[in-house]
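# Remarks on the overall topology
Here's the letter readout for the chains.
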Amino acid sequence: MIVFIISAPSGSGKSTLVTRLLRDVPSLTFSVSYTTRKPRGAERDGENYFYICREEFEERLRRDEFLEWAEVFGNYYGTHRSVLDQAREQGADVVLDIDVQGAAQLKRRIPEAVSVFILPPSRQVLETRLRARGEDADEVIHRRLRDAAREISNYRAYDYVLINEDLEESVRALEAVVRAERIRRSRMEPRIGPVLETFEAGKE
Ligand code: ADP
Ligand code: 5GP
């Protein structure tokens, strides 16, 4: 099972890209995180997040239920430990949409995890996309733009960097990362043996 970590400043197009990735590539599951923030727009409990209150989150923290967690924009977010077991049981790879702090924690625990950082083409484009999304007040947009500058400075901790300019091109690039990582030699070993065996049989 491969763990794919995807991080990006808010408004870069991460949700759009991850949705397309999960639709287009087989055997990929999305890690549904726990959060204390309220659902937005069409979000659904158990699909986008599990929405819980701060007390419950803190209780789960005390019970050490999270693989990683962070406080982002004043809310808690965390990945439940069961996520990886569930993906493994399904025989799927898993995609985690988590912030830079969570990504660093997870990379320490799972060094072979593959990480992708998504960047908007420029600050100006990011601002336009945040406004076009029409979900945030002016003041929130300004805070997100300030935070973006700080988050972007962490790109060096990631294996891949994707500049989300043309959406279709970005979808293809992200899919290419997943498909290429799946055929890394180190991950192919279990499937190479049976192929080699057929050749050894032919020698006799
Ligand atoms: P994030 O999940 O990173 O906060 P979203 O996926 O919600 O961002 O995207 C922010 C806005 O930008 C949305 O309105 C989305 O439709 C739009 N968007 C995403 N990718 C592109 C792109 N490559 N070109 C133009 N608009 C985009
Ligand atoms: P949003 O509220 O816009 O859905 O997410 C805000 C930020 O929290 C995003 O950067 C997102 O990647 C991050 N996030 C979502 N779930 C988790 C999680 O389980 N752990 C961590 N560390 N960050 C998360």
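Please refer to the structure higher up on the page.
What you see is a predicted model; the values in this text were computed from it and never measured. (Residues numbered from 1 in each chain as written. Chains lettered and ligands numbered in written order. Predicted model: local features only at pLDDT ≥ 70, side-chain atom pairs only at ≥ 80, totals over all residues. Heavy atoms only, no water.)

### A word on the environment of Val125
For clarity, the threshold we go by: Secondary structure elements are defined from DSSP: runs of H or I of at least 4 residues count as helices, runs of E of at least 2 residues count as strands, and each element is numbered from the N terminus. Each residue is placed in one exposure class: buried if its accessible area under a 1.4 Å probe, protein chains only, is under 20% of its type's maximum, exposed if it is over 50%, and partly exposed if it falls in between.
Along the chain, Val125 falls in helix 5 (residues 123–133). A relative accessible area of 27% places Val125 in the partly exposed class. Distance in space between the C-alpha atoms of Val125 and Glu165 is 9.1 Å, their sequence separation being 40 residues.

### Observations regarding the pairing of strand 5 (residues 66–72)
Note the threshold: DSSP calls a pair of strands paired once it identifies at least 2 bridges connecting them.
Among the seven residues of strand 5, five are classified as buried, and the element is accordingly described as predominantly covered. The pairing of strand 5 with strand 6 (residues 75–80) spans six bridges and is classified as antiparallel. Within the sheet, the bridge partner assigned to Glu71 lies in strand 6 and is Tyr76.

### Overview of the site of ligand 1
Convention followed: A single heavy atom is enough: if one lies within 4 Å of a molecule or strand, its residue is considered near that molecule or strand. Within 3.5 Å is the distance limit for a polar contact, defined as a pair of N or O atoms, with the added protein rule that one can donate a hydrogen and the other accept it, and that residues adjacent in sequence qualify only through two side-chain atoms. Every accessible area reported is derived by Shrake-Rupley at a probe size of 1.4 Å, with residue values counting cover from the shown protein chains alone. Under the grouping applied here, Gly and all other residues not named as nonpolar or charged are polar, the nonpolar ones being Ala, Val, Leu, Ile, Met, Phe, Trp, Tyr, Cys and Pro and the charged ones Asp, Glu, Lys and Arg.
If you check the shell around ligand 1, you find 14 residues, and the closest are Gly11, Ser15, Thr16, Arg133 and Asn164. Between Ser12 and ligand 1, the recorded distance is 3.2 Å, taken from a backbone N or O atom to an oxygen atom. Within the backbone of Gly13, one N or O atom sits 3.0 Å away from an oxygen atom of ligand 1. Bound to the protein, ligand 1 loses 75% of the 570 Å² it would expose on its own. Mapped onto the shell around ligand 1, the elements with two or more residues apiece are helix 1 (14–24) and helix 5. Per-class residue counts for the shell around ligand 1 are two nonpolar, seven polar and five charged.

### Observations concerning the site of ligand 2
Contacts to ligand 2 come from 15 residues, most closely from Ser33, Arg37, Tyr49, Tyr77 and Asp97. The side chain of Tyr49 places a nitrogen or oxygen atom 2.5 Å from an oxygen atom of ligand 2. In the model, a nitrogen atom of ligand 2 is placed 2.8 Å from a nitrogen or oxygen of the Asp99 side chain. Here ligand 2 has 510 Å² of accessible area as a free molecule, and 92% of this is covered by the chains. Broken down by secondary-structure element, the contributors of at least two residues to the shell around ligand 2 are strand 5 and strand 6.

Any functional reading would require information that these geometric values do not contain.
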